[in-house]
Structure formats: C-alpha cells, structure tokens
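# Observations on the three-dimensional arrangement
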Amino acid sequence: MKKIIFIFLSILSIFNYANAKDFFLNITDQIVENEFRLSYGVSVTDVNKDNKYDFVVTGFGFKNLALSYKDGKLINIVNEKIFTDEERRTIGVAACDIDQDGYEEIYFLNTDTYSGSKIYSDRLIDLNNNKFEDLFEKEINQSELNLTAGRSVVCVDRNGDGAYGIYVANYGGPTRFYELIRDRIKDQAKSLSIDKITGGRAIVSGHILSDRSDIFAANERGDEVDQRTLLRRLAELQYQRNEVEFKRSMYRVRGDVIDVTRKSVEEAAASIIKIYEIFKQNGWNNSCFKK
C-alpha cells in the first residue's frame, strides 16, 4: 500500500511540475498600441461601471490608460483629458470605494519634481453620469490638495467597515491620509499621528500584523526628520536660503516642506554623502503602523 501511495504522489508531483511551467502565459502581444513609455503604477478596477475589471496604467509624461479586455485584445477605453492627463506625470495609482457607493474611485499620484513642492496636484477621479470628474477640483476640497512630491499610494480600510481611505507616501513632505468626511475630502494624517516628513518610497496595506488593515511604509530617510537639524546642516553645506529666487545651491521653506536645488554634479555627489549623515541617526529603516 505504501508503495502504491508513493508511486501516486510521484506521478502527482511530475504532473504539477509540468503544469507549473505553463502557469503564467506571456500575452503581451494582446496589448494594442503597446508603445515604449514610462509607466510606474498599475491598478485593477471597474473603470466604466460595466461590471468588468480593467487595468489602469499610469503614464509618466505619457497618457494614463484604462486597458479593457475585448475580443482577445487589451485596448484603451478612456481618452478623456482629465483621466489621461499626460502633463501631470503620474507615478502611482490606487482604486477603492471611498464614498461607499459601490463604485471605486481612482487616485492618481502625480509627481513633477523629485522632492518637496510640486506644481500639479494629485487627482481623485470619480465617474458620474458617464463623465469623469476630479473631486479635488471641487471648491470644497481645494484646501486639501497634495502639493508635495510623492512616490506611492495605497487604499486602507482602517476601521474594517468598507469605508476606504487613501494613504499617500510623500517625499520631502508630510504623509497624507485622505478620507471622505461629511461629503468633503479631508486629510486625516495628523489626527492619526502618521503625518511623517520623510523620504517615502513605497507603501502597502494588508493583514500584516493583525486581522485589520495594517500599513507598511518603506522610507528612504528614516521615519521622520527634524526640520531644524536639516536646515542647520544645509547651512553648514553652504546652501543659501532664498524664498524669492530659487537657483543652484539654494533652498526655501514652505511650511513643513523644504525645497532644495541641485549643485553641480561634483558638488552634489559630495553633498549626498554629507546629507546622508543628517539622517544617519534615524537609520535607513522602514516603518510599520499597526491598527
């Protein structure tokens, strides 16, 4: 009997190994108009409310796409300017139902600068009456715009009730955590004690440490940097503070955000090593917030 069982298990293992080679199939050729482009983010959601999932692919200097599977091909189904938005340089995307209407809104994280202040805000796209709209363009939400360079975004159901919030990992400015409060988009990061100023690189949420939505934040410069220490160190490195002109070897301060211009290539290389010492006391570590 043991011999029969062993033979059966051996055959099963060989069968599984054979199938494993074809577990994933490369169907890249099914993407219509698959041009060379910079795309740093992707999400899956029902973009046009047809009860079918689509791929939302960001474009960094290129159009954001909504790829839908039709007749054996992946084709772009959205060409509205507010969605494609190639000027804003989208680097991340997340989709979740923040207003609990049964349809997922789409958060586009835009970054037109390396760190600190940016020109273009993010977008929070909703589909109403077959037309896309940016909830941040509403006057009631204008005070909550994210104007700091970011790297990653994720949806978080922090209360476990299906009401999602959006965590934005910023680089050189405070973390953002947006929720819908009385029909307004509000940044709740400060009240949740997660408004860290750091070099946020990546963010993920899931059942990491508990059965709730925990958050793992990958930070390049530790969990938080003291602004006074950073300003003092910039002065030591002979950077000049100038709130009007913003040229090489200068910096400016806007609230919690510090913008720093680059020096020459040679000076910048030396400064990277020196500036690293500012953060060394915090270490190059990650942060994990448990609900």
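Note that the structure is a prediction, hence the values are computed from the model and not measured.

Moving on, we come to the overall build of the protein. Per the secondary structure count, the protein includes four helices and 18 strands. Out of the 291 residues belonging to the protein, those deemed buried represent 44%. Looking at the protein alone, contacts between residues at least 24 apart form 50% of all its contacts between residues at least 6 apart. Carbon and sulfur atoms form 52% of the exposed surface of the protein, whose accessible area is close to 17100 Å².

This part is about the sheet that holds strand β2 (residues 54-57). Picture the strands of a sheet paired through backbone hydrogen bonds; they go either parallel or antiparallel. The strand order across the open sheet formed by four strands is β1-β2-β3-β4, and the pairing between neighbours is antiparallel. A strand with exactly one partner marks an edge of an open sheet, and here the two such strands are β1 (42-45) and β4 (73-76). Neighbouring strand axes in the sheet, compared pairwise and without regard to direction, differ in orientation by 30 degrees on average. Two elements, β1 and β2, share four bridges in a ladder whose sense is antiparallel.

With that settled, the discussion passes to unusual backbone geometry. The phi dihedral of Arg89 falls on the positive side, at around 55 degrees, and the residue is not glycine. Within the secondary structure, Arg89 is located in the loop between α2 (81-84) and β5 (90-96). If you check the backbone angles, Ser193 has positive phi at about 60 degrees while not being a glycine. Inspection of the secondary structure puts Ser193 in the loop between β12 (184-187) and β13 (197-206).

This next bit is on the state of the cysteines. Applying the stated criterion across every chain, the model contains one disulfide. Between Cys96 and Cys155 runs a disulfide, and the two sulfur atoms are separated by 2.3 Å. The sign of the S-S torsion, about -80 degrees, decides the handedness of the disulfide formed by Cys96 and Cys155: left-handed. Remark: Cys155 occurs in strand β9 (residues 150-156) and Cys96 occurs in strand β5; sequence separation between them is 59 residues. A relative accessible area of 16% means that Cys155 is categorised as buried.

The next subject is the side chain of Gln188. Structurally, Gln188 is set in the loop between β12 and β13. The contact partners of Gln188, leaving out residues within four places of it in the chain, are Arg158, Phe177, Glu179 and Ile181.

What follows concerns the packing of aromatic side chains. What the rule picks out here adds up to eight aromatic pairs. Residues Phe83 and Phe132 carry aromatic rings whose centres are separated by 5.2 Å and whose planes lie at 50 degrees to one another, so their mutual orientation is tilted. Of this pair, Phe83 sits in helix α2 while Phe132 sits in strand β8 (residues 131-134); the two residues are 49 residues apart in sequence, bridging distant segments of the chain. Phe132 matches Phe83 in its accessibility class, with the two residues each being buried. With a centroid separation of 5.2 Å and 65 degrees between ring planes, the pair formed by Phe136 and Tyr178 is classed as edge-to-face. Of the two residues, Phe136 is situated in the loop between β8 and β9 and Tyr178 in strand β11 (residues 176-181); the sequence distance between them amounts to 42 residues. Through a chain of ring-to-ring contacts, the aromatic side chains of Phe83, Phe108 and Phe132 assemble into a single cluster. For the cation-ring pair, Lys49 lies above Tyr103, with the distance from its terminal atom to the ring centre recorded as 4.6 Å. Taking NZ or CZ as reference, Arg151 lies 4.5 Å from the ring centre of Tyr171, over its face.

In this section: the pattern of salt bridges. The full count for this structure, using the stated rule, is 10 salt bridges. Note that Asp134 and Arg123 form a salt bridge whose closest N and O atoms lie 3.0 Å from each other. Of the two residues, Asp134 is situated in strand β8 and Arg123 in strand β7 (residues 123-128); the sequence distance between them amounts to 11 residues. The residues Asp134 and Arg123 share a single accessibility class, namely buried. Connected through salt bridges with shared partners, the residues Asp85, Arg88, Arg123, Asp134 and Glu137 form a single ionic network.

Bringing a nonpolar patch on the surface into the picture now. Taken together, the side chains of Val42, Val44, Tyr53 and Phe55 define a hydrophobic patch exposed on the protein surface, amounting to about 430 Å² of accessible area. Assignment of secondary structure puts Tyr53 in the loop between β1 and β2. Exposure remark for Tyr53: the relative accessible area of 65% places this residue in the exposed category.

Turning next to the nonpolar core. Within the largest apolar cluster, 17 residues are counted, with the highest numbers of intra-cluster contacts made by Tyr107, Leu124 and Ile166. Considering each element in turn, this core owes the most residues, three residues, to β5. Grouped together as the second largest cluster of nonpolar side chains are 14 residues, Val47, Ala66, Ala95 and Ile125 included.

Rules used in this analysis
Residues numbered from 1 in each chain as written. Predicted model: local features only at pLDDT ≥ 70, side-chain atom pairs only at ≥ 80, totals over all residues. Heavy atoms only, no water. Helix = DSSP H or I, 4+ residues; strand = E, 2+ residues; numbered from the N terminus. Buried < 20%, exposed > 50% of the residue type's maximum accessible area, 1.4 Å probe, protein only. Contact = heavy atoms within 4.5 Å. Areas by Shrake-Rupley, 256 points an atom, 1.4 Å probe, with all protein chains shown as cover. Pairing = 2+ DSSP bridges. Axes fitted to C-alpha atoms, helices over the stretch in contact; angles between N-to-C directions. Disulfide = S-S within 2.5 Å. Phe/Tyr/Trp six-rings, centres within 6.5 Å; stacked < 30°, edge-to-face > 60°. Lys NZ or Arg CZ within 6 Å of the ring centre and 35° of its normal. Salt bridge = Lys/Arg side-chain N within 4 Å of Asp/Glu carboxyl O. Patch = residues over 30% accessible without salt bridge, like charges linked within 9 Å, V, L, I, M, F, W, Y side chains within 5 Å. Core = buried A, V, L, I, M, F, W, Y, C linked by side-chain atoms within 4.5 Å.

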